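For reference, the chains in residue letters:
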Amino acid sequence: MDLYQTKLSAKLKEALKAVVPIIGIVLLLSFSIAPIPPSILLLFLFGAVLLVAGMMFFTLGAELSMTPMGEKIGTRMANSRHIGVVLLLCFILGFVITVSEPDLQVLAEQVPSIPNRILIMSVAGGVGLFLVVVMLRMLLSKSLSALLIVFYSIVFVFAFFIPKDFLTVAFDSGGVTTGPMTVPFIMALGVGFAAVRSDRHAEDDSFGLVALCSVGPIFAVLLLGLLYHPEDTGYVPAAVPDVRDSVELWKCFARGFPAYIKEIAVSLLPITAFFALFQIISLKLSKRTLLKIAIGIAYTYIGLVLFLTGVNVGFMPAGNYLGEMIAGLPYRVILVPIGMVIGFFLVKAEPAVYVLMEQVEEITSGAIPGRAMGTSLSLGVAVSVGLAMVRVLTGISILWFILPGYVIALCLSFFVPKIFTAIAFDSGGVASGPMTATFLLPFAMGACQQVGGNIVQDAFGIVAMVAMTPLIAIQVLGVVYQIKSGRSKEAPESYLDIWDEDDIIEL
């Protein structure tokens, strides 16, 4: 127990380091240019407490359970001689995990012209199909860059033929289906698959699963847009609660807890059941290992319940109100730099970002510094939120940003080590997590309402923007490495002689 207490203490420090800057920014704005009613501010502060506690439990839980579960299942599947069975299991795994992803339920509610069940099943099928593609790529050692170019080319061709009101939802779908529940497991699955290979590119290929799995939902939603031709895509945001005393404050969270207790239980069940089946059939892990994983699952469950309750009940009203107040100022262009500052710090509070950074450091033996990677992610998200605010103020189509962004990202993939490309495209799905959906999206919606824009066309799409810029930022980090190393495009034997403390600070 002392070991777990020590680890929880370390995770608490990480969570505080990530969340305190966001609290500071909101308080600074609320006491200066964007006054917030005491009720909304209290909701935000109480939600922040739950957020910190949730991040602490989740990051430790993912480390103890999701990562070893994914790695062991991936290794066992990769060692199987029955490729057809392995691919079928990959499809089923991708499908059931996606169906249980809480953020997908939110997406379904945003598309009133398509029945929820049809949308959810289609998106889940897209993820399952592309998880099969991912595993085939790893087994056959195919280039990630080539596959990304092919699939995104098809995506953008489709994008020109669907209604504008549906376009932003389609690109947002790639982000919402790679949530904090599925990302750690899918990434660890890739590590397990790569572990059975002995070639020099196995380490590079252990990343890229989230990247390709994020394409599947976009395909699925674009196809639905072509088939259904939605006419009614209007979205009315939830009303901001009016809390008059501490009892009503608690009631807001008391109503949220049961819903997320149920949602996270449903989300964890498929992954846990899948692992239990593997344990019975082939894994045969020791009781000590199973106990450790069980404790990790419990921590993950507690963490996600606290985290999602905090951000959904506490952060959404604050984000919406702040956006509305700032956009109502005479100098509303200030929305852009404020959005960039919020985006810079907000990505640090995404729970799955820590999982990715830790996995990158583990796979590369600390060769790719987490600090440099974190700074690159923050800069990328800051730019994306700034561009999203420009869209809110001007109404420019998302294609004018997404298309050039992906072209730049795909072109960079030819000039950086393969591992940087794989990590970069994984980072996009990881960065666009629940914090983006529950704070940045309401922030954009509030601002859009104030300026009289179209919420579906102009506010939605911020998840897609946040998912795009890390692809460029992390690969630019790879370009810097290339310049400093003077080596070939292939992954290096070690990065440790390239990066020093001064380099990381400069980045």
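Every value quoted in this text rests on a predicted model; they were computed, and no experiment measured them. (Residues numbered from 1 in each chain as written. Predicted model: local features only at pLDDT ≥ 70, side-chain atom pairs only at ≥ 80, totals over all residues. Heavy atoms only, no water.)

Undergrad: Is there a simple way to think about the overall build of the chain in this case?
TA: Scanning the chain for helices and strands turns up 22 helices and 0 strands. Summarising the internal contacts of the chain: among those between residues at least 6 apart in sequence, 86% fall at separations of at least 24. When the accessible area of the chain is evaluated, it comes to approximately 19600 Å², of which 67% is carbon and sulfur surface. (Helix = DSSP H or I, 4+ residues; strand = E, 2+ residues; numbered from the N terminus. Contact = heavy atoms within 4.5 Å. Areas by Shrake-Rupley, 256 points an atom, 1.4 Å probe, with all protein chains shown as cover.)

Undergrad: Explain a nonpolar patch on the surface to me, please; I cannot follow it from the model alone.
TA: Together, Ile-83, Leu-136, Leu-139 and Leu-140 give the surface a local cluster of nonpolar side chains, amounting to about 320 Å² of exposed area. Residue placement: Leu-140 occurs in helix α5 (residues 116-140). Of the residues examined, Leu-140 reaches a relative accessible area of 55% and is grouped as exposed. (Patch = residues over 30% accessible without salt bridge, like charges linked within 9 Å, V, L, I, M, F, W, Y side chains within 5 Å. Salt bridge = Lys/Arg side-chain N within 4 Å of Asp/Glu carboxyl O. Buried < 20%, exposed > 50% of the residue type's maximum accessible area, 1.4 Å probe, protein only.)

Undergrad: Explain the nonpolar core here, please?
TA: Nonpolar side chains tend toward joint burial in soluble globular proteins. If you look at the biggest cluster of nonpolar residues, it comprises 174 residues, and the most contacted ones within it are Met-135, Phe-171, Met-389 and Phe-439. Among the elements that take part in this core, helix α2 (residues 38-78) stands out by supplying 20 residues, more than any other. (Core = buried A, V, L, I, M, F, W, Y, C linked by side-chain atoms within 4.5 Å.)

Undergrad: Sorry, what's going on with the packing of aromatic side chains here?
TA: The description of an aromatic ring pair rests on the distance of the ring centres and on the angle between the ring planes. Within the structure shown, the criterion is met by 15 aromatic pairs. Members of the aromatic cluster, each reached through a chain of ring pairs, are Phe-130, Phe-151, Phe-158 and Phe-219. (Phe/Tyr/Trp six-rings, centres within 6.5 Å; stacked < 30°, edge-to-face > 60°.)

Undergrad: For this particular structure, what's the right way to read the pattern of salt bridges?
TA: Taken as a whole and assessed by the stated rule, the structure comprises 2 salt bridges. The salt bridge partner of Lys-11 is Glu-63, with a shortest N-O separation of 3.1 Å. Remark: Glu-63 occurs in helix α2 and Lys-11 occurs in helix α1 (residues 2-30); sequence separation between them is 52 residues. Through salt bridges with shared partners, one network takes in Lys-7, Lys-11 and Glu-63.

Undergrad: I would appreciate a short explanation of the packing of helix α12 (residues 246-283) against helix α13 (residues 287-327) in the present structure.
TA: Any two packed helices are characterised by the angle at which their axes cross and by the distance between the axes. For the pair α12 and α13, the least separation of the axes is 8 Å and the interaxial angle reads 150°. On the basis of the axis angle, α12 is roughly antiparallel to α13. The two elements α12 and α13 cross, and the hand of that crossing is right-handed. Residue composition of the contact of α12 with α13, by class: 18 nonpolar, 8 polar and no charged. (Axes fitted to C-alpha atoms, helices over the stretch in contact; angles between N-to-C directions. Parallel < 35°, antiparallel > 145°, perpendicular 65-115°, else oblique. Left-handed = near helix turned anticlockwise from the far one by under 90°. Nonpolar A, V, L, I, M, F, W, Y, C, P; charged D, E, K, R; others polar.)

Undergrad: Got a minute to help me understand the side chain of Lys-11 in this structure?
TA: With relative accessibility at 7%, the residue Lys-11 sits in the buried group. Excluding its chain neighbours within four sequence positions, the residues that come into contact with Lys-11 are Met-56, Thr-59, Leu-60, Glu-63 and Glu-358.

Undergrad: I'm lost on the environment of Leu-8 in this one. Help?
TA: Locating Leu-8 in the fold gives a position in helix α1. Along the sequence, Leu-8 and Phe-58 sit 50 residues apart, while their C-alpha atoms lie 10.0 Å from each other. Among residues more than four places away in sequence, those in contact with Leu-8 are Met-56, Phe-57, Leu-60 and Tyr-299.

Undergrad: What is the right way to read the confidence of the model for the chain from this model?
TA: Atom-level detail of predicted coordinates should not be read off regions where pLDDT is low. In the predicted model, the chain carries a mean pLDDT of 82, and 87% of its residues have values of at least 70. No element of the chain has a lower mean pLDDT than helix α22 (residues 501-506), at 41, and none a higher one than helix α14 (residues 335-346), at 94. (pLDDT = per-residue confidence, 0-100.)

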